Amino acid sequence: MKVSSSAALGTLTVTPSDLANDPTLQFVIQLANSLQLTVKQPKKGALSLELPSGATLSQRNAILRCLAGMGLHNALDDLLSGGHSKAAKASPAHAMALASLSSWMSVADHYRSTTAANNALEELLAQLETHLETRAFLIPSAVPTLADIDVATVVVGAKTGGSLLDDIDQSYPNVYRWLTTVGALLEDKAGISFISSKLPLAAAAASGPPMFYFGDEEGVELPVKPKTKPAAAKKEDDKQAAPKQQQEQQQAKGKK
């Protein structure tokens, strides 16, 4: 049971219906300390976050980023922003990572609001598959961030019960690995299960073990498997090399 505090750093107002349809917001509320964040759930009303300064945020993504960063004195920065919020002023790389986080949340908004059917989702999956080929998560981070959670909920919720999600481990192995990782985090930290009924975690082994990178993940090159010649071609090369070896041996004997 959460305990409210009059000294809270923010007051979040959200209707029960809006909260039920927003796994990302549910996760943030579960992680937030109730002494820092007071949550009000009226039956009707608009989403808002009131700050001690008197400012009020009404845009969902701005509210989430605020709670993950300075809004709660960076208490959730390492868990939700990859540790970039508290270091953004001192490092352009951290500032760029936060900008990337915002961009991915905007991508999630776009696909969440679109009514375009399967082709839009497949475009997103193809983009994610390429992006995640050399990355553990959407932005440089040791754990999934707001960006990962927000986009993942869109992917899973976009096509419930469809064949695309049933076959995603075969068609998009990097996306599948990423989805199961994000889903495991939500279930472990907040008891939120958003993929278990559609993407069984046991099947993740089919895509191989997850790959994680530390530091700057940009420019990472995947190792290239060395090319091997067919057995017939190798035998032909050996035949061609044999006369040369015999000639070298005869020359060596003549010198002696």
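Since the model is a prediction, treat every value here as computed from it, not as a measurement.

Undergrad: Tell me what's going on with the overall build of the protein chain, and back it up with residues and numbers.
TA: From N to C terminus, the protein chain includes 11 helices and 4 strands. Per-residue burial over the protein chain gives 41% buried out of 256 residues. In the protein chain, of all internal contacts separated by at least 6 residues, the share reaching a separation of at least 24 is 70%. Split by element, the accessible area of the protein chain, about 14,700 Å² in all, is 54% carbon and sulfur.

Undergrad: Could you give me a rundown of the pattern of salt bridges, with the residues and numbers involved?
TA: The full count for this structure, using the stated rule, is 5 salt bridges. The residue Asp22 makes a salt bridge to Arg60 at a minimum N-O spacing of 2.6 Å. On the criterion of sequence distance, the pair formed by Asp22 in the loop between helix 1 (16–20) and helix 2 (23–31) and Arg60 in helix 3 (residues 60–68) is long-range, its members being 38 residues apart. The same class applies to Asp22 as to Arg60, namely buried.

Undergrad: Explain the nonpolar core to me, using residue names and the numbers behind them.
TA: By size, the foremost hydrophobic cluster in this structure holds 54 residues, and its most contacted members are Leu12, Leu128, Val175 and Trp178. When residues of this core are traced back to their parent elements, those giving at least two are helix 2, helix 3, helix 5 (92–113), helix 6 (118–131), helix 7 (146–158) and helix 10 (173–190). When near neighbours in sequence (up to four residues on either side) are disregarded, Leu12 contacts Leu25, Ile29, Leu37, Thr38, Val39, Lys40, Leu47, Ser48, Leu49 and Ile63.

Undergrad: Residues and numbers for the confidence of the model for the protein chain, please.
TA: Model confidence for the protein chain is summarised by a mean pLDDT of 77, while 66% of its residues fall at 70 or above. Considering each helix and strand of the protein chain separately, the mean pLDDT is smallest for helix 8 (residues 163–166), with a value of 52, and largest for strand 3 (residues 48–50), with 95. Below pLDDT 50 for its whole length, residues 1–6 participates in 11 contacts with residues either more than four positions away or in separate chains. Per-residue pLDDT stays below 50 along residues 196–215; that stretch engages in 31 contacts with residues further than four places along the chain or on separate chains.

Undergrad: Quick one: what's the story with unusual backbone geometry, residue by residue and with numbers?
TA: Although it is not a glycine, His73 sits at a positive phi angle of roughly 55 degrees. The exposure class of His73 is exposed, given its relative accessible area of 59%. Positioned with a positive phi, Asn74 is a non-glycine residue whose angle comes to about 60 degrees. A residue is classified by how much of its surface remains accessible, and Asn74, at 15% relative accessible area, is buried.

Undergrad: How would you explain the environment of Pro52 if you had to name every residue and give the values?
TA: Here Pro52 shows up in the loop between strand 3 and strand 4 (56–57). Its relative accessible area of 63% is what places Pro52 among the exposed residues.

Reading the values: the criteria
Residues numbered from 1 in each chain as written. Predicted model: local features only at pLDDT ≥ 70, side-chain atom pairs only at ≥ 80, totals over all residues. Heavy atoms only, no water. Helix = DSSP H or I, 4+ residues; strand = E, 2+ residues; numbered from the N terminus. Buried < 20%, exposed > 50% of the residue type's maximum accessible area, 1.4 Å probe, protein only. Contact = heavy atoms within 4.5 Å. Areas by Shrake-Rupley, 256 points an atom, 1.4 Å probe, with all protein chains shown as cover. Salt bridge = Lys/Arg side-chain N within 4 Å of Asp/Glu carboxyl O. Core = buried A, V, L, I, M, F, W, Y, C linked by side-chain atoms within 4.5 Å. pLDDT = per-residue confidence, 0-100.

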